Amino acid sequence: FVGDNLSLRGKLYDIPESEQGDIETIEKFLSLNKEKPIVVVQGLGFVGSVMSLVCANAISTNYSVIGIDLPTKESFWKVGSIRDGILPLSSTDPKVSEFFENAMNQGNLLASFDPFVYTFADVVIVDVNLDVSKNSGEDGELINFEVDLRAFEKAIQTIADYCKPEVLVIVETTVPPGTCENVILPILRKGFASRGVAQDAFKLGHSYERVMPGPNYIDSIQNFYRVYSGIDQKSADATEAFLRTIIRTDEYPLTRLRNTNSTEMAKVLENSYRAANIAFMVEWSRFAEEAKVDLYEVVNAIRMRDTHKNMMLPNIGV
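Our subject in this report is the structure included herewith. Being a predicted model, the structure only gives us computed values, none of them experimental.

### Brief notes about the packing of aromatic side chains
So, step 1. The full count for this structure, using the stated rule, is 8 aromatic pairs.
So, step 2. Three or more aromatic residues joined by ring pairs form one cluster here, namely Phe-224, Tyr-225 and Tyr-252.

### Remarks on the sheet that holds strand β3 (residues 109-112)
So, step 1. Across the sheet, which stays open at both edges, the 8 strands sit in the order β3-β2-β1-β4-β7-β8-β9-β10 with mixed pairing between neighbours. Only two strands of the sheet have a single neighbouring strand rather than two, namely β3 and β10 (254-256). Going across the sheet, the axis of each strand differs from the next one's by a mean of 25 degrees, ignoring polarity.
So, step 2. Judged from the 4 bridges that link them, strand β2 (residues 64-68) and β3 form a sheet pairing that is parallel. Considered in β3, the bridge of Val-65 is made with Leu-109.
So, step 3. Sitting on the sheet, helix α9 (residues 233-246) touches β1 (38-42), β4 (123-126), β7 (167-171), β8 (202-206), β9 (226-230) and β10, and the angle it makes with β9 is about 150 degrees.

### Some words on unusual backbone geometry
Negative phi is the rule for most residues except glycine; trans is the rule for most peptide bonds.
So, step 1. Of note, the phi angle at Glu-166 is positive, near 70 degrees, even though the residue is not glycine.
So, step 2. Among the structural elements, Glu-166 can be located in the loop between α6 (150-162) and β7.
So, step 3. Positive phi, normally seen in glycine, also occurs at Lys-292, with a value near 55 degrees.
So, step 4. Considering the arrangement of structural elements, one finds Lys-292 in the loop between α10 (260-290) and α11 (295-302).
So, step 5. For Lys-292, a relative accessible area of 77% gives the class exposed.

### Focus: the pairing of β7
So, step 1. Of all 5 residues making up β7, 5 are buried, and the element is well covered by its neighbours.
So, step 2. Alternating residues of β7 divide into Val-167, Val-169 and Val-171 and Leu-168 and Ile-170, and every residue in both groups is buried.
So, step 3. Pairing of β4 with β7 involves 4 bridges; the strand directions are parallel. Opposite Ile-125, over in β7, you have Ile-170 as the bridge partner.
So, step 4. The sheet contact formed by β7 and β8 spans 5 bridges and is parallel. In the sheet register, Val-167 faces β8, and the bridge partner there is Phe-202.
So, step 5. Viewed along the sheet, the connection from β7 through helix α7 (residues 179-194) into β8 turns out right-handed.

### Some details on empty space enclosed by the protein
So, step 1. Overall, the coordinates contain 1 cavity of 30 Å³ or more when judged by the stated rule.
So, step 2. Taken as a whole, the largest cavity spans an internal volume of roughly 40 Å³.
So, step 3. Taken together, Leu-44, Ser-49, Ser-52, Leu-53, Gly-67, Ile-82, Leu-87, Leu-109, Leu-110 and Ala-111 make up the full set of residues lining the largest cavity.
So, step 4. The set of elements that each furnish at least two residues to the lining of the largest cavity consists of α3 (48-56) and β3.
So, step 5. Within the lining of the largest cavity, the residues separate by chemical class into 7 nonpolar, 3 polar and no charged.

### Describing the pattern of salt bridges
So, step 1. According to the stated counting rule, one finds 14 salt bridges in the structure shown.
So, step 2. In this structure, Arg-226 engages Glu-172 in a salt bridge whose closest nitrogen and oxygen atoms are separated by 2.5 Å. Taken together, the positions of Arg-226 in strand β9 and Glu-172 in the loop between β7 and α7 put the pair 54 residues apart, joining distant regions of the chain. As far as the burial class goes, Arg-226 and Glu-172 line up, both buried.
So, step 3. As a salt-bridge pair, Glu-240 and Arg-256 come within 2.7 Å of each other at their nearest N and O atoms.

### Some words on the packing of α3 against helix α5 (residues 94-106)
So, step 1. The geometry of α3 relative to α5 is characterised by a closest axis approach of 9 Å and an angle of 60 degrees between their N-to-C directions. It follows that α3 is oblique to α5 by the angle criterion. In this structure, α3 crosses over α5, and the sense of that crossing is left-handed. Residues Leu-53, Val-54 and Ala-56 of α3 form the contact with α5, whose own contacting residues are Val-96, Phe-99, Phe-100, Ala-103 and Gln-106.
So, step 2. Counted by class, the contact of α3 with α5 contains 7 nonpolar, 1 polar and no charged residues.

The rules behind each value
- Residues numbered from 1 in each chain as written.
- Predicted model: local features only at pLDDT ≥ 70, side-chain atom pairs only at ≥ 80, totals over all residues.
- Heavy atoms only, no water.
- Phe/Tyr/Trp six-rings, centres within 6.5 Å; stacked < 30°, edge-to-face > 60°.
- Pairing = 2+ DSSP bridges.
- Helix = DSSP H or I, 4+ residues; strand = E, 2+ residues; numbered from the N terminus.
- Axes fitted to C-alpha atoms, helices over the stretch in contact; angles between N-to-C directions.
- Contact = heavy atoms within 4.5 Å.
- Buried < 20%, exposed > 50% of the residue type's maximum accessible area, 1.4 Å probe, protein only.
- Right-handed = clockwise from strand over helix to strand, strands pointing away.
- 1 Å grid on protein atoms, 1.4 Å probe; cavity = no way out; pocket = protein on both sides within 12 Å on 5 of 7 lines; lining within 4 Å.
- Points joined across faces, edges and corners; volume = space filled by probe spheres on them.
- Nonpolar A, V, L, I, M, F, W, Y, C, P; charged D, E, K, R; others polar.
- Salt bridge = Lys/Arg side-chain N within 4 Å of Asp/Glu carboxyl O.
- Parallel < 35°, antiparallel > 145°, perpendicular 65-115°, else oblique.
- Left-handed = near helix turned anticlockwise from the far one by under 90°.

The structure is reproduced here in structure tokens:
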């Protein structure tokens with residue numbers, strides 16, 4: 001199975017042959033972490049990097065964790081940084097440095113650019129960036145919004161091209177409702193079938209991130225409530241079983257929704273609700289400034305009502 005995939009190495013990202021050789025590093029890492037379940041985190045941004053640390057410091061399972069990112073000018077430095085023992089982000093949360101140091105000392109965290117790592121994965125966590133682009137005219141007037149899925153689809157295709165049967169794929173990325181069912185699932189099925197593997201020989205779950213960079217960075221993953229679902233019963237069960245190994249579910253119970261459309265919508269609604277409240281207070285701050293009113297004083301007075309205790313204060317905006 002692995003041999004069949006070797007011919008694919010480098011083609012997906014057009015990596016020069018001279019830069020394709022990461023196999024020795026990967027195999028050495030795995031030889032030092034024998035018999036440990038392997039978690040591959042796809043994407044080493046502010047979500048993926050810290051998710052890698054949480055998995056490497058899991059509560060109840062000793063995982064071998066490999067973070068992977070593209071060998072591009074924008075991303076390749078993250079791989080080198082982690083290999084040099086430097087986390088590619090700064091944080092006011094002391095747990096971030098502590099978890100990173102623990103992982104380095106245990107030797108159960110590796111960063112790579114080589115898609116060959118997917119052939120070993122028991123679990124793949126998708127933390128690929130997916131943004132909404134706002135298109136405006138010359139006068140600044142909004143024309144439309146756009147979600148370009150091409151890079152995201154390419155990332156999922158890599159999983160389909162390399163992963164072994166029965167892999168668990170958990171999507172954390174904020175995606176439009178229907179993405180798991182109508183975009184990711186067909187790519188995985190087609191990719192597995194093209195390699196002669198049963199097209200349903202994988203599990204697909206969705207559990208969106210609620211990461212909050214700042215003093216509670218780690219806790220926003222490890223000590224926080226999670227919503228999850230699966231594309232079918234076995235996927236939902238497998239997703240739940242994995243989340244229980246990295247989240248303190250005794251204090252922060254998991255919530256299972258009916259299907260992946262539901263969890264995808266929950267994340268978008270969650271973000272939209274917060275954005276609407278932020279924008280609402282920005283509008284009032286402008287009005288208060290014109291009226292020469294101290295809006296902080298006003299909001300704090302309103303917050304005395306139990307039903308309005310969560311009213312936001314003015315801030316820099318959405």
